[in-house]
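Single-letter residue listing:
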Amino acid sequence: MADVVTSSLGSLPQVTGVVAPTAKSTLDKDSFLKLLTTQLQKQDPLSPMDSNAFVAQLAQFSSVEALENMGRKLDTLALGQANANQMAVPQMIGKEILFNADHLALTKGAAATKFSVLLGAASDNTVAMITDAAGKVVRTLDLGARGAGTFATEWDGRDDQGQPLDSGTYQLIVAASKRDGTEVGSATFVRGVVSGVSFEGSVPQLLVNGNVVQLGDVTEIATAPPT
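Residues numbered from 1 in each chain as written. Predicted model: local features only at pLDDT ≥ 70, side-chain atom pairs only at ≥ 80, totals over all residues. Heavy atoms only, no water.

Undergrad: It is not clear to me how the pairing of strand 5 (residues 113–119) should be interpreted in this structure. Could you clarify?
TA: The side chains of a regular strand alternate between both faces of the sheet. With respect to burial, strand 5 is a largely interior element, five of its seven residues being buried. In terms of strand pairing, strand 5 meets strand 8 (residues 149–155) through seven bridges, oriented antiparallel. Paired with Leu118 across the two strands is Thr150, which belongs to strand 8. Pairing between strand 5 and strand 11 (residues 186–198): five bridges, direction antiparallel. What sits directly across from Val117, in strand 11, is Thr188. (Buried < 20%, exposed > 50% of the residue type's maximum accessible area, 1.4 Å probe, protein only. Helix = DSSP H or I, 4+ residues; strand = E, 2+ residues; numbered from the N terminus. Pairing = 2+ DSSP bridges.)

Okay, here's the thing in structure tokens:
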């Protein structure tokens, strides 16, 4: 009678001299069934396998296999959703969006650049400062007293002397305060028309006024006004 040793499957016996399945990084269903069948054929008739251990091991393996199949289905579903999202994003081309940003893209001679300001509380003094690439303030917009919430405004692309500025990207800084000097928190949003979509990287990105806009920064989508 062949000698019996403990198997890696727990309390299931294994017969020495039995050729084991080809080594794999994980024990798949076919390998498990092949090993189990061989063990049943070679078991000691005077000391048969514990049926409870057999059922427990089989149930455990079935559960693991079910979880793996579910994981594969979820991966497929996620991939399909990602593809659907990528196909839907190009439909935003030509739409006017409002997105979170602290810079303005200027095209010399083009229409005024629209932006919005969100104030965390009412302010008695609100100023928007526009700086060039060197950090120099080229335009100061006095926006006056404003209530809490969002309000829209625009910049005509000119400096404080009324001269049109060159095309480029300008920084937008908003400072708001109460009469006693207490600062009021603020955030800025820029409005523009989507001219294209970039698929570089893991997620699609919008092209607006020559700048790249993340989808997560978009707060509003509307039909672009006629030009």
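Undergrad: It is not clear to me how the packing of aromatic side chains should be interpreted in this structure. Could you clarify?
TA: Summed over all chains, the structure comprises one aromatic pair. Consider the rings of Trp155 and Tyr170, whose centres lie 5.4 Å apart with planes at 70 degrees: the pair is edge-to-face. Of the two residues, Trp155 is situated in strand 8 and Tyr170 in strand 9 (residues 168–177); the sequence distance between them amounts to 15 residues. Judged by relative accessible area, Trp155 falls into the buried class, the value being 0%. For Tyr170, a relative accessible area of 8% gives the class buried. When the ring centre of Phe151 is taken as origin, the NZ or CZ atom of Arg146, which lies over that ring, is 4.1 Å away. (Phe/Tyr/Trp six-rings, centres within 6.5 Å; stacked < 30°, edge-to-face > 60°. Lys NZ or Arg CZ within 6 Å of the ring centre and 35° of its normal.)

Undergrad: Is there a simple way to explain the nonpolar core in this structure?
TA: One recurring pattern in soluble globular proteins is that nonpolar side chains are buried together. Counting residues in each nonpolar core, the largest one holds 30 residues, and the members touching the most others are Ile97, Phe99, Phe115, Ile130, Trp155 and Leu206. Ranked by residue count, the leading element in this core is strand 9, at four residues. Beyond its immediate stretch of four places on either side in the chain, Phe115 contacts Leu104, Ala128, Leu141, Phe151, Ala152, Thr153, Glu154, Trp155, Leu172, Phe189, Val190 and Arg191. (Core = buried A, V, L, I, M, F, W, Y, C linked by side-chain atoms within 4.5 Å. Contact = heavy atoms within 4.5 Å.)

Undergrad: What should I look at first to understand the environment of Leu98 in this one?
TA: Residue placement: Leu98 occurs in strand 3 (residues 95–100). A relative accessible area of 8% places Leu98 in the buried class. With 123 residues separating them in the primary sequence, Leu98 and Ile221 have C-alpha atoms 6.6 Å apart. Setting aside its immediate chain neighbours within four residues, Leu98 contacts Ser116, Phe189, Val190, Arg191, Asp217, Val218, Thr219 and Glu220.

Undergrad: I'm lost on the environment of Asp142 in this one. Help?
TA: As for its position among the elements, Asp142 is in strand 7 (residues 137–142). Between the C-alpha atom of Asp142 and that of Thr126, which follows or precedes it by 16 residues, the distance is 6.4 Å. Residues contacting Asp142, with those up to four places away along its chain left out, are Asn125 and Thr126. Of note is the side chain of Asp142, whose polar atom sits 3.1 Å from the backbone nitrogen of Gly144. (Polar contact = N/O pair within 3.5 Å; in protein donor to acceptor, adjacent residues only side chain to side chain.)

Undergrad: In this structure, what is going on with the layout of surface pockets? I would like to understand it.
TA: One way to see where empty space is left: roll a probe the size of a water molecule over the atoms. Its volume calculated, the largest pocket comes out at about 460 Å³. If you go around the largest pocket, you meet 19 residues; those closest to its centre are Ala111, Ala112, Gly192, Val193 and Asn209. Elements with a contribution of two residues or more to the lining of the largest pocket: strand 4 (103–106), strand 5 and strand 11. Per element, the largest residue contribution to the lining of the largest pocket is four residues, and it comes from strand 11. Considered class by class, the residues forming the lining of the largest pocket number nine nonpolar, six polar and four charged. (1 Å grid on protein atoms, 1.4 Å probe; cavity = no way out; pocket = protein on both sides within 12 Å on 5 of 7 lines; lining within 4 Å. Points joined across faces, edges and corners; volume = space filled by probe spheres on them. Nonpolar A, V, L, I, M, F, W, Y, C, P; charged D, E, K, R; others polar.)

Nothing here speaks to function; it is geometry throughout.
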